[in-house]
Amino acid sequence: MVPAPVIAKLREGDEKAFRELVDQYRDRVYNTALGLLQHPENAEDVAQEVFVEVFRSVARFRGECSISTWIYRITVQKALEHIRTSHRGKRFGIHISLFGREEQTEIPAETRFYHPGIQLENKERSAILFQAISKLPVNQRTAFILHKVEGLSQTEIAGIMETSVSAIESLMVRARQKLKVLLSDYYENNER
Amino acid sequence: MNRKETWINETLNSLDGIQRAPASAGLFLKIQSGTGLPVNKPAAINKSFYWSAAAGLALLIALNVIVAQQSHVTPQHPAETPATMASEYFSYLSPIKL
């Protein structure tokens, strides 16, 4: 929780206060972006964009939510912008593959994402799970990542996504159902 | 629960105990460049450091001069010339006085 005097200093453009804020939230922002993007370099780019945005718009922050919620919200927005931008490029690639070789149904192992914070015995399974997560609709993916990777409560996630707790519960249930379907397909094709 | 369902549940739970991934140490520099905040300059070196370095260098030079001068001092023993060295070497050729 950032004390009110620090917020006041941030609004004045105090560099020391900004540095303290970055130190406090840097890993949270990076980890959230990493979970959503599954790409360390892109996650770092997003983290930079987030703090630049925070620096530039903190004067307009009126305290309608906690500064933590506000920063997470910016992080999710920037990460999803990144995903939308990269998907625009990929659509062209998908059209190319329709005329070429048969479209692959499985992402090759070398493009799998291994989150550095996963316990060793869970590395391979979590990489398969992250592949499935990348196929979820954006809202389900966001709620799932904020809960499972950042460890946020449904109440906190509801504040970040500006929706109700019941809506978040519903998103989590649907995300889990969808993941089970995706993992079932994966199991049938690879693990039997 | 069959093997497939067990596998699916284990995979769904594979993020349990996940630790937050730390951002790289260079991230703050990137943020500074994006915000236009001044990058921290290296701390100014104290003037006394320069005086200490100069004194140390002077001492080193003085020691080298002293050592160089001592190497030119005449030794106690007479310097050996090629002639004296030769006479000693070939002394076995001198006739033995019986």
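These numbers come from a predicted model, not from an experiment. (Residues numbered from 1 in each chain as written. Chains lettered and ligands numbered in written order. Predicted model: local features only at pLDDT ≥ 70, side-chain atom pairs only at ≥ 80, totals over all residues.)

## So, the overall build of chain A
Working step 1: Within chain A, the regular secondary structure consists of eight helices and zero strands.
Working step 2: Beginning at the N terminus, the succession of helices and strands in chain A can be written as α-α-α-α-α-α-α-α.
Working step 3: Across the 192 residues of chain A, 33% fall into the buried class.
Working step 4: For chain A, contacts bridging at least 24 residues in sequence account for 56% of all contacts bridging at least 6. (Helix = DSSP H or I, 4+ residues; strand = E, 2+ residues; numbered from the N terminus. Buried ≥ 20, exposed ≤ 12 C-beta atoms within 10 Å, placed from the backbone. Contact = placed C-beta atoms within 7 Å.)

## Section: the domain arrangement of chain A
All names here are of chain A.
Working step 1: Split by domain assignment, chain A resolves into domain 1 (1-103) and domain 2 (105-192).
Working step 2: Counting from both sides, the interface comprises 12 residues of domain 1 and, opposite them, 12 residues of domain 2.
Working step 3: Elements that contribute at least two residues to the side of domain 1 that touches domain 2 include exactly helix H2 (15-37) and helix H4 (67-99).
Working step 4: Along the lines of polarity and charge, the residues of the side of domain 1 that touches domain 2 split into five nonpolar, five polar and two charged. (Domains from an automatic or database assignment. Nonpolar A, V, L, I, M, F, W, Y, C, P; charged D, E, K, R; others polar.)

## Observations concerning the nonpolar core
Working step 1: With 54 residues, the main nonpolar core has Ala33(A), Ala47(A), Val50(A) and Ile71(A) as its most contacted residues.
Working step 2: Counting only elements with at least two residues in this core, the list comes to H2, helix H3 (40-57), H4, helix H5 (123-133), helix H6 (138-148), helix H7 (154-160) and helix H8 (165-191) of chain A together with helix H2 (27-35) of chain B.
Working step 3: At 10 residues, H2(A) tops the list of elements feeding residues into this core.
Working step 4: Domain assignment of the residues forming this core places at least three in each of domain 1 (1-103) and domain 2 (105-192) of chain A.
Working step 5: Apart from residues no more than four positions distant in its own chain, Ala47(A) is found in contact with Arg26(A), Val29(A), Tyr30(A), Ala33(A), Ala23(B) and Leu27(B). (Core = buried A, V, L, I, M, F, W, Y, C linked by C-beta atoms within 7 Å.)

## A closer look at the interface of chain B and chain A
Working step 1: Each partner contributes residues to the interface: chain B has 23 residues there, and chain A has 32 residues.
Working step 2: Every element with two or more residues in the side of chain B that touches chain A is listed here: helix H1 (3-12) and H2 of chain B.
Working step 3: Partitioning the side of chain B that touches chain A into residue classes produces 12 nonpolar, seven polar and four charged.

## Examining the environment of Asp27(A)
Working step 1: With respect to the helices and strands, the residue Asp27(A) is situated in helix H2.
Working step 2: Taking C-alpha positions, Asp27(A) is 9.0 Å from Ala47(A), a pair spaced 20 residues apart along the chain.
Working step 3: Beyond its immediate sequence surroundings of up to four residues, Asp27(A) is in contact with Arg20(B), Pro22(B) and Ala23(B).

## A closer look at unusual backbone geometry
All names here are of chain A.
Working step 1: Backbone geometry at Gln-38 places phi at a positive 55°, although glycine is not the residue there.
Working step 2: Take Gln-38: it is sitting in the loop between H2 and H3.
Working step 3: Phi is positive for Glu-162, which is not a glycine, with a value near 55°.
Working step 4: Within the fold, Glu-162 resides in the loop between H7 and H8.
Working step 5: Overall, Glu-162 belongs to the exposed group, with 10 C-beta atoms counted inside 10 Å.

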